[in-house]
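# Coordinate analysis (summary)
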Amino acid sequence: MTGLNRRVFLQSLAAAAALPAVPGLLPQAVAMSRPPRAEYAGPWARVPKILSDIQLPVIPARDFNLRDLGAQGEGEDASEAFAAAVEASRKAGGGRIVVPAGKYRTGPIHLASNTELHLQEGAEIHFIPEPERYLPAVKTRWEGMEMMGYSPLIYAHRCENIALTGKGLIDGGADCHTWWPWKGKNTKCDNSTNEGDT
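Residues numbered from 1 in each chain as written. Predicted model: local features only at pLDDT ≥ 70, side-chain atom pairs only at ≥ 80, totals over all residues. Heavy atoms only, no water.

## A few points about the overall build of the chain
Secondary structure assignment for the chain yields 5 helices and 12 strands. A separation threshold of at least 6 residues defines the contact pool for the chain, and within that pool the share at least 24 residues apart is 57%. A total of about 12,300 Å² of accessible surface is found on the chain, and carbon and sulfur atoms cover 53% of it. (Helix = DSSP H or I, 4+ residues; strand = E, 2+ residues; numbered from the N terminus. Contact = heavy atoms within 4.5 Å. Areas by Shrake-Rupley, 256 points an atom, 1.4 Å probe, with all protein chains shown as cover.)

Here's what the structure looks like:
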C-alpha cells in the first residue's frame, strides 16, 4: 500500500470506536490498524497528528431513560421524548440519553454538550421521512460545503463532548418518495414494482 485511502482510515476509526473507553487507548488502537507512518504521503501525512489529537468525550455519569420521559418503544412518534431527554441533559450539565430496546420514530435529534446518545441492544431509531420536520434550516455541510439546509438526523452545533454509542439500529427513513430521489436517479426505485419498497 502506497498511502492511506479513505476506506482504510474510516475502518480504523470504526475499529477503535468499538474499544472500551480507556483514556489514551484510542490513538494507539487506531495506529495498530493503519499502515506504517512511512507509507503516508501527501495530505495523509497529517493523519497521525490528527489522530493523536483526538480525545474521548467525557460524559457525566447520569442517565435519562427515554421510557421515563414518555416513550413506549412501540413504533410511536417519540420526538417529544427525545427533545425532553436532551433538554434534561442540557439543564443537568450533561449525561447519557438511554434508548431501551424497542422501536422509536422521531424527527431530528439536536444534542447538547456533554451528552451521549446510547442505544441499548434491540433499540431502533427510525427517522420520520417528512422533510418539513427538518426545518428550520440549520448550519450544516453538504458534500463538504458549509451551508444552511435541512437539519441532519442527529445534530450538534457549537457543542462539545458528544457521543453516539450502543448496539442499536439507526434508520434514516429514506425511501423511493423521500430523500433518495433528491440525490438523482436511483436504480432500486426505478426497478421496483412496489413504490414504497425500502
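## As for the sheet that holds strand β3 (residues 95–99)
Taken in spatial order, the 4 strands line up as β1-β3-β6-β11 in an open sheet, and their pairing is parallel. Strands with a single pairing partner mark the edges of an open sheet, and in this sheet they are β1 (63–65) and β11 (162–166). Shown here is a sheet whose adjacent strand axes are inclined to one another by a mean of 20°, direction ignored. Relative to strand β6 (residues 115–119), β3 is paired through 5 bridges, and the arrangement is parallel. Within the sheet, the bridge partner assigned to valine 98 lies in β6 and is histidine 118. (Pairing = 2+ DSSP bridges. Axes fitted to C-alpha atoms, helices over the stretch in contact; angles between N-to-C directions.)

## Thoughts on the packing of aromatic side chains
The tally for this structure, following the rule as stated, stands at 5 aromatic pairs. Ring geometry for tyrosine 134 against tryptophan 179: centres 5.4 Å apart, planes inclined by 85°, an arrangement best described as edge-to-face. Of this pair, tyrosine 134 sits in the loop between β7 (123–127) and β8 (138–142) while tryptophan 179 sits in the loop between β12 (169–171) and α5 (187–191), placing them 45 residues apart in sequence. The buried category is assigned to tyrosine 134, whose relative accessible area is 1%. On the accessibility criterion, tryptophan 179 (18% relative accessible area) is buried. (Phe/Tyr/Trp six-rings, centres within 6.5 Å; stacked < 30°, edge-to-face > 60°. Buried < 20%, exposed > 50% of the residue type's maximum accessible area, 1.4 Å probe, protein only.)

## A look at helix α4 (residues 79–92)
Taking 1.5 Å per residue as the helical rise, α4 with its 14 residues ought to reach 20 Å, and the 20 Å between its terminal C-alpha atoms agrees with that figure. Here α4 has its buried residues at Ser79, Ala81, Phe82, Ala85, Val86 and Ser89. Glycine 93, located one to two residues past α4, shows a positive phi value of around 90°. (Expected span 1.5 Å × (residues − 1).)

## Topic: the layout of surface pockets
For the second largest pocket, the calculated volume is near 470 Å³. Broken down by element, the lining of the second largest pocket gets its largest block of residues, 3 residues, from β8. Grouping the amino acids of the lining of the second largest pocket by side-chain chemistry returns 9 nonpolar, 4 polar and 2 charged. (1 Å grid on protein atoms, 1.4 Å probe; cavity = no way out; pocket = protein on both sides within 12 Å on 5 of 7 lines; lining within 4 Å. Points joined across faces, edges and corners; volume = space filled by probe spheres on them. Nonpolar A, V, L, I, M, F, W, Y, C, P; charged D, E, K, R; others polar.)

## Considering the sheet that holds strand β4 (residues 102–106)
One key point about sheets: their strands pair by backbone hydrogen bonds, in either a parallel or an antiparallel sense. Taken together, the 4 strands give an open sheet; going across it, the order is β2-β4-β7-β12, and neighbouring strands pair in parallel fashion. In the strand order of this sheet, the two ends are held by β2 (74–77) and β12, each with one partner. Neighbour-to-neighbour, the strand axes of this sheet turn through a mean angle of 15°, independent of strand direction. Across 3 bridges, the pairing between β7 and β12 is parallel. Across the sheet, residue isoleucine 125 finds its bridge partner in β12, namely isoleucine 170. Sheet contacts for α4: β2, β4 and β7; angle to β4, the most-contacted strand, approximately 85°.

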